[in-house]
Amino acid sequence: MTHRLVLTPGEPAGIGPDLAVRIAQQAQDVELVAIADPALLADRARAIGVDLVLEPVDYDTPPVAHRPGHLKIDALPMARPAVAGQLDPANADYVLACLDQAVARCTAGHAAGMVTGPVHKAVINQAGHVFSGHTGYLAARCNAPTPVMMLATDTGDLRVVLATVHIPLSAVPGALDGPHLAYVLDTVHTQLARRFGITRPRILVAGLNPHAGENGYLGHEDDEIIAPAIAAANQRGIDAVGPLPADTLFTPHQLARADAIVAMYHDQGLPVIKHAAFSRTVNISLGLPIVRTSVDHGTALSLAATADVDTGSMTAAIRVAGDMARHGA
Ligand SMILES: NC(=O)c1ccc[n+]([C@@H]2O[C@H](COP(=O)([O-])OP(=O)(O)OC[C@H]3O[C@@H](n4cnc5c(N)ncnc54)[C@H](O)[C@@H]3O)[C@@H](O)[C@H]2O)c1
Ligand SMILES: N[C@H](C(=O)O)[C@H](O)COP(=O)(O)O
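Residues numbered from 1 in each chain as written. Chains lettered and ligands numbered in written order. Predicted model: local features only at pLDDT ≥ 70, side-chain atom pairs only at ≥ 80, totals over all residues.

The name recorded for the protein chain in an unreviewed UniProt entry is 4-hydroxythreonine-4-phosphate dehydrogenase, from Salinisphaera japonica YTM-1. Per UniProt, the comment on the protein chain under Catalytic activity (unreviewed entry) is "4-(phosphooxy)-L-threonine + NAD(+) = 3-amino-2-oxopropyl phosphate + CO2 + NADH". Under Sequence similarities (unreviewed entry), UniProt gives the following word-for-word description of the protein chain: "Belongs to the PdxA family." (UniProt positions renumbered as here; feature names shortened; annotations may be inferred.)

Another point: the overall build of the protein chain. Each helix and strand counted, the protein chain has 12 helices and 12 strands in total. The C-alpha radius of gyration of the protein chain comes to 20 Å, within 12% of the 20 Å expected for a compact globule of 329 residues. Viewed in the frame of its principal axes, the protein chain has a C-alpha envelope of about 60 × 40 × 35 Å. Expressed as a percentage of its 329 residues, the buried residues of the protein chain come to 48%. Relative to all contacts within the protein chain whose residues are 6 or more apart in sequence, the contacts with residues 24 or more apart total 73%. (Helix = DSSP H or I, 4+ residues; strand = E, 2+ residues; numbered from the N terminus. Rg over C-alpha atoms; globule rule 2.2 N^0.38 Å. Buried ≥ 20, exposed ≤ 12 C-beta atoms within 10 Å, placed from the backbone. Contact = placed C-beta atoms within 7 Å.)

All right, on to the environment of Met-1 then. On the secondary structure map, Met-1 appears in the segment before strand S1 (4–8). A tally of 7 C-beta atoms within 10 Å means that Met-1 is categorised as exposed. Between the C-alpha atom of Met-1 and that of Asp-29, which follows or precedes it by 28 residues, the distance is 9.4 Å.

Following the UniProt record, the feature "binding site: substrate" (unreviewed entry) maps to His-134, Thr-135, Lys-274, Asn-283 and Arg-292 here. The exposure class of Thr-135 is buried, given the 23 C-beta atoms found within 10 Å. Those residues within four positions of Thr-135 in sequence are excluded, and the remaining contacts are Pro-147, Met-149, Val-165 and Ser-285. Note that Asn-283 resides in strand S11 (residues 281–286). The contact partners of Asn-283, leaving out residues within four places of it in the chain, are Met-149, Leu-151, Thr-293, Ser-294, Val-295 and Asp-296.

With that out of the way, let us pick up the site of ligand 2. Near ligand 2 the following residues occur: Gly-133, His-134, Thr-135, Leu-270, Asn-283, Ser-294 and Asp-296. Classifying every residue of the shell around ligand 2 gives one nonpolar, five polar and one charged. (Near = placed C-beta within 6 Å. Nonpolar A, V, L, I, M, F, W, Y, C, P; charged D, E, K, R; others polar.)

Around ligand 1, a shell composed of 20 residues is seen, among which Pro-118, His-297, Gly-298, Ala-300 and Asp-310 lie nearest. Its residues placed into classes, the shell around ligand 1 shows eight nonpolar, nine polar and three charged.

Glancing now at helix H7 (residues 178–196). When the terminal C-alpha atoms of H7 are compared, their 26 Å separation across 19 residues agrees well with the 27 Å that a helix rising 1.5 Å per residue should span. Along H7, the residues that are buried comprise Leu-181, Val-184, Leu-185, Val-188, His-189, Gln-191, Leu-192, Arg-195 and Phe-196. One or two positions beyond H7, positive phi appears at Gly-197, with a value near 70°. (Expected span 1.5 Å × (residues − 1).)

Quick look at the packing of helix H3 (residues 92–107) against helix H5 (residues 134–141) now. Geometry of a packed helix pair, given as the angle between the helix axes and the separation of the axes. It is at 10 Å that the axes of H3 and H5 come closest, and there the two elements cross at 50°. It follows that H3 is oblique to H5 by the angle criterion. Our pair here, H3 against H5, has a crossing hand that is right-handed. Mapping the contact onto sequence places Leu-99, Asp-100 and Val-103 in H3 and His-134, Tyr-137, Leu-138 and Arg-141 in H5. Grouping the constituent residues of the contact of H3 with H5 by class yields four nonpolar, one polar and two charged. (Axes fitted to C-alpha atoms, helices over the stretch in contact; angles between N-to-C directions. Parallel < 35°, antiparallel > 145°, perpendicular 65-115°, else oblique. Left-handed = near helix turned anticlockwise from the far one by under 90°.)

Moving on, we get to the pairing of strand S10 (residues 260–263). Going residue by residue along S10, you find Ala-260 and Val-262 tucked away on one face and Ile-261 and Ala-263 tucked away on the opposite face as well. Inspection of the sheet shows strand S7 (residues 159–162) paired to S10 by three bridges, in the parallel sense. The residue of S10 that forms the bridge with Val-161 is Val-262. Where strand S8 (residues 202–206) lies against S10, three bridges are found, and the strand directions are parallel. From the neighbouring strand, Leu-204 faces S10, where its bridge partner is Ile-261. (Pairing = 2+ DSSP bridges.)

Bringing the pairing of S8 into the picture now. Extensive coverage of S8 is indicated by the burial of four of its five residues. Examined bridge by bridge, S8 and strand S9 (residues 239–244) share four bridges and lie parallel to one another. If you follow Ile-203 over to S9, its bridge partner there is Ala-240. You can see the chain leave S8, run along helix H8 (residues 221–235) and come back into S9, and the turn it takes is right-handed. (Right-handed = clockwise from strand over helix to strand, strands pointing away.)

For the rest of this paragraph, the subject is H3. Between the first and last C-alpha of H3 there are 23 Å, a value that for 16 residues agrees with the 22 Å anticipated at 1.5 Å per step. All of the buried residues along H3 are Ala-92, Tyr-94, Val-95, Cys-98, Leu-99, Ala-102, Val-103, Arg-105 and Cys-106. On the buried face of H3, the contacting elements are S1, strand S2 (31–36), strand S5 (113–116), helix H4 (121–126) and H5. At the C-terminal side of H3, Gly-109 shows a positive phi close to 85°.

This is the structure we're talking about:
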């Protein structure tokens, strides 16, 4: 069965439109529908010398296999024409409207999932919206608890989950408490089984402080907050281990026994996976009522409308969203 995925290109001045145009040239085992301004995609296709046929989507008909060189479109207008590489706060509402439309299409059952291109968080805030990323925004739109962010390589050989995401580093210790860590561990445990077929995943949990606190001599959160949360999760049948010193957690010996790593904060976990597999890693929202994947990179403004845009992560994000949709709700 062919599944239909909606694709939001994200920031119009960034490389998201390039990704949509280039990905449309490739074979896909899903039907792709771009939620975007058709003029933006047509302009970007012309700018990079790619032939693209845009066709209005009919959500009342069953999905059909993607035809390379064609792209289904669910049209929304930008406020102003986009200039590649130049952010314009006037188009921030358009970026969010595309996300809202994608959520609506998924919740109405018109699409089996959504794949998001990169947005620029600062320009959306500059336009007056409090916005820390898709993850929180989509949760609010779906009336869901904040989902858990996981980045995974396309082969699944490394999955990194974040216990805290887009908050200042100074706020991390205060955000780590028993109920929150219980929520993160429960979500990883249930969602890896439900969406990826990994029953009882082994989850390795990083400490917060150097050497996981060195028995309390280098910080107290590891012993007082993280260790009890892991023990309580074990009581609920979750195979979690830790807190483990983060400096050696990502060594091959440790990774060989892990289905997922839980890092305590954004830059404890993401540099590792982006170093290992930038452009073949996928950002996955665990715990949303809809399927949502994204790329592992940002708007790369200086590369918009150039030949240097790597589509690897977008290709992987589409494939993973299709696989998750096939696993069912
Ligand atoms: N999924 C998302 O929406 C997402 C993800 C990450 C960052 N962002 C946002 O993007 C904006 C810019 O972030 P940044 O500059 O830190 O990171 P970035 O990923 O845009 O750029 C980092 C480096 O990687 C390069 N790069 C990124 N994607 C590439 C691709 N597909 N092909 C070739 N080279 C690529 C860039 O040219 C740059 O050198 C920020 O607002 C950030 O919050 C959004
Ligand atoms: N933390 C992500 C990354 O570094 O790739 C990125 O900012 C995207 O976050 P959202 O999925 O919440 O937009």
